[in-house]
Amino acid sequence: MTPSSTMWGGRFSEATDAFVAEFTASVTFDKRLYQHDIQGSCAHATMLAKVGVLTAAERDAIIDGLAAIQADIEAGRFDWRVDLEDVHMNIEARLTDRIGITGKKLHTGRSRNDQVATDIRLYLRDEIDKTRLILQRLQQGLLDLAEREAATIMPGFTHLQTAQPVTFGHHLLAWFEMLVRDDERLADCRKRVNRMPLGSAALAGTTYPIDRAYTAELLGFEAVCENSLDAVSDRDFAIEFCSAAAIAMMHLSRMSEELILWNSQQFKFVDIPDRFCTGSSIMPQKKNPDVPELVRGKTGRVNGHLMCLLTLMKGQPLAYNKDNQEDKEPLFDALDTLQACLRAFADMVPALQPRREEMRSAALRGFATATDLADYLVKKGTAFRDAHEIVGKAVAYGVQTNQDLSVMTLAELQQFSDTIADDVFAVLTLEGSVNARNHIGGTAPNQVLAAVQRARQRIA
Ligand code: ARG
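Values in this document were obtained by computation on a predicted structure and should not be read as measured data. (Residues numbered from 1 in each chain as written. Predicted model: local features only at pLDDT ≥ 70, side-chain atom pairs only at ≥ 80, totals over all residues. Heavy atoms only, no water.)

S.K.: Now, about the overall build of the chain: what can you tell me, with residues and values included?
M.R.: Across its full length, the chain holds 19 helices and six strands. For the chain, the C-alpha radius of gyration of 31 Å lies well beyond 23 Å, the compact-globule estimate for 460 residues. The principal-axis extent of the C-alpha atoms belonging to the chain is close to 100 × 50 × 40 Å. Every one of the 460 residues in the chain was classed for burial, and the buried ones make up 50%. (Helix = DSSP H or I, 4+ residues; strand = E, 2+ residues; numbered from the N terminus. Rg over C-alpha atoms; globule rule 2.2 N^0.38 Å. Buried < 20%, exposed > 50% of the residue type's maximum accessible area, 1.4 Å probe, protein only.)

Structural data, given as structure tokens:
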């Protein structure tokens, strides 16, 4: 390669070292921006023609040439060249091959610095929209399942110890709420992604009479970036996305952990259908919950990408530095990983098979209605601390005699307090317990159904 075979070789007296050319190239991974690069270039050319820097014929030649290149790329006919460094110069060089000198005018009033920042924002904006659609499909699946399981009783846990009975639908709605916030974070991040760097050129702006507002409108940006130095430099929007992605993955990981527990022989609360599981090559009986395990595992890489981008940015002086070329792989992998994990969950959740009897019998172990008995005593005039002590003794008796509070006889219960009457069983049963938590945000089946209705409206 001679110095002048690159797009910037004019001032160089020797060719780039072969390894350095490879080391500094990004085309192997930034070629995925091709469509948004072309979209940005078409808008830029349209704007240049509007302000008189290009003729209408030049604009049309550029736009037609770029459309043909896009078709070549999509048909697998495009030869990506590492010696052309990145997606931007590969496409521009091919444009000049196709349309001649007019192709060389496309880069007027623009730099790869504002070009790449624009491309990433256009790309990320689309990918955020795709991500949110998958997330919303998962939310729908959770609402459908929660509605079906509104009255299914399971033990609720704190410290992974049986705490109080809850409904399975209520538990699923907790997952739903986590995802609501994840979706809000993505929507909010999108606002700051959706501002246009183009026009900042290398760092200081450009001497051509550009119309940035017009280009922004063509590209559907909400506004232009106000400061050219900031616009070509900061990748905080990508960091913000990775932060939202890491939080969403953390939620998916927690859901995964619960599914793995519930699917185990020890819990048996839920069956994950065979098509979402794999076997063991040595233990014939095994059916492993690989999908949730992998989602839990993949959470680590998204956390890693967030750390990577924060560290990439933290020491950079204004404005653009080549460090920023390293923004793409973490961002792309964070996107791919989050989308794949959301998709796996969106496919799997509607297929989950709850084992209602197992959940119910688990709720009958561990004295899940002990708080209900204490509340019952309080309502009959006992002070809460005394009620707590009385119920503690009843539980100790239950442990000794191996029976739940709800199956003790009235005479047995009255050993601990003579205020206990036979209306106690209405609160000691699992149904009594969950039905009593009858307020917004509570676990009562009718509240779960109402919450599902509200949730459907919220995401409509
Ligand atoms: N491939 C580069 C990147 O991803 C494009 C911008 C390069 N600009 C420059 N002046 N070297 O950041």
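Back to the write-up after that little detour.
S.K.: Before we move on, can you summarise the pattern of salt bridges with the specific residues and values?
M.R.: Applying the stated criterion to the full structure yields 35 salt bridges. Residue D347 is joined to R137 by a salt bridge in which the shortest nitrogen-to-oxygen separation is 3.0 Å. Here D347 is found in helix α12 (residues 328–348), whereas its partner R137 is found in helix α6 (residues 112–148), with 210 residues between them in sequence. Taking the relative accessible area as the measure of exposure, D347 reaches 29% and is therefore partly exposed. With its nearest N and O atoms 3.9 Å apart, the salt bridge here joins E358 to R355. Using a relative accessible area of 29% as the deciding quantity, one classes R355 as partly exposed. (Salt bridge = Lys/Arg side-chain N within 4 Å of Asp/Glu carboxyl O.)

S.K.: Tell me about α12, and please be specific about residues and values.
M.R.: Here α12 is 21 residues long and its end C-alpha atoms lie 30 Å apart, about the 30 Å a rise of 1.5 Å per residue gives. Within α12, 15 of the 21 residues are buried, leaving the element largely enclosed by the surrounding structure. (Expected span 1.5 Å × (residues − 1).)

S.K.: Before we move on, can you summarise the packing of aromatic side chains with the specific residues and values?
M.R.: Applying the stated rule across the entire model yields nine aromatic pairs. With a centroid separation of 5.2 Å and an interplanar angle of 70°, the aromatic rings of Y123 and F332 are classed as edge-to-face. Here Y123 is found in helix α6, whereas its partner F332 is found in helix α12, with 209 residues between them in sequence. Its relative accessible area of 3% is what places F332 among the buried residues. Through pairs of rings, three or more aromatic residues link up here, namely F157, F267 and F269. (Phe/Tyr/Trp six-rings, centres within 6.5 Å; stacked < 30°, edge-to-face > 60°.)

S.K.: So what about a nonpolar patch on the surface? Which residues, and what values?
M.R.: Residues M7, W8 and F12 make up a contiguous nonpolar surface patch of about 270 Å² in total accessible area. Looking at where W8 falls in the secondary structure, it is placed in the segment before α1 (18–24). Look at W8 and you get partly exposed, because its relative accessible area is 31%. (Patch = residues over 30% accessible without salt bridge, like charges linked within 9 Å, V, L, I, M, F, W, Y side chains within 5 Å. Areas by Shrake-Rupley, 256 points an atom, 1.4 Å probe, with all protein chains shown as cover.)

S.K.: Let's hear about the layout of surface pockets: which residues, and what values?
M.R.: Approximately 400 Å³ is the volume attributed to the largest pocket. What lines the largest pocket is a set of 18 residues, and nearest its centre among them are F157, H171, R254, E258 and W262. Where the lining of the largest pocket is concerned, the elements lending two or more residues are β1 (153–158), β2 (161–167), α7 (168–193) and α10 (236–262). Across the lining of the largest pocket, the residue classes tally to ten nonpolar, five polar and three charged. What the second largest pocket holds in volume is close to 260 Å³. What lines the second largest pocket is N263, S264, Q265, K268, V270, D271, Q285, K286, K287, N288, P289 and R355. Here the residues of the lining of the second largest pocket are counted per class, giving two nonpolar, five polar and five charged. (1 Å grid on protein atoms, 1.4 Å probe; cavity = no way out; pocket = protein on both sides within 12 Å on 5 of 7 lines; lining within 4 Å. Points joined across faces, edges and corners; volume = space filled by probe spheres on them. Nonpolar A, V, L, I, M, F, W, Y, C, P; charged D, E, K, R; others polar.)

S.K.: Please give an account of helix α15 (residues 384–401) that cites residues and values.
M.R.: Residue pairs spaced three or four apart in an α-helix point in one direction, given the helix's 3.6 residues per turn. Here α15 contains 18 residues, and its C-alpha end-to-end distance of 25 Å stays within 8% of the 26 Å for a straight helix at 1.5 Å per residue. In this structure, the buried residues of α15 make contact with α14 (370–379) and α16 (410–414). (Contact = heavy atoms within 4.5 Å.)

S.K.: Before we move on, can you summarise the site of the ligand with the specific residues and values?
M.R.: All residues in the neighbourhood of the ligand are listed as S26, D30, D86, H88, R112, N113, V116, Y320, Q325 and K328. The separation between a nitrogen atom of the ligand and a polar side-chain atom of Q325 is 2.8 Å. Considered on its own, the ligand offers 340 Å² of accessible surface; in the complex 86% of this is hidden by protein. Broken down by element, the shell around the ligand gets its largest block of residues, three residues, from α6. Looking at the shell around the ligand, its residues break down into two nonpolar, four polar and four charged. (Near = heavy atom within 4 Å. Polar contact = N/O pair within 3.5 Å; in protein donor to acceptor, adjacent residues only side chain to side chain.)

S.K.: For the pairing of β2, give the residues involved together with the corresponding values.
M.R.: Here six bridges tie β1 to β2, and the two strands are oriented antiparallel to one another. Considered in β2, the bridge of P155 is made with P165. The antiparallel pairing of β1 with β2 creates a hairpin that spans two residues between the two strands, and H159 there sits at a positive phi of about 55°. (Pairing = 2+ DSSP bridges.)

S.K.: Explain the nonpolar core to me, and be specific about the residues and the numbers.
M.R.: L138, F241, L252, L259, W262 and F345 are the most contacted members of the largest nonpolar core, which totals 90 residues. Looking at which element gives the most residues to this core, the answer is α10, with 14 residues. Not counting the four nearest positions on each side in its chain, F241 is found in contact with L124, I128, L186, C189, L331, A334, L335 and L338. In terms of nonpolar packing, the next biggest core, distinct from the first, is built from 18 residues, F367, A370, A387 and M408 among them. (Core = buried A, V, L, I, M, F, W, Y, C linked by side-chain atoms within 4.5 Å.)

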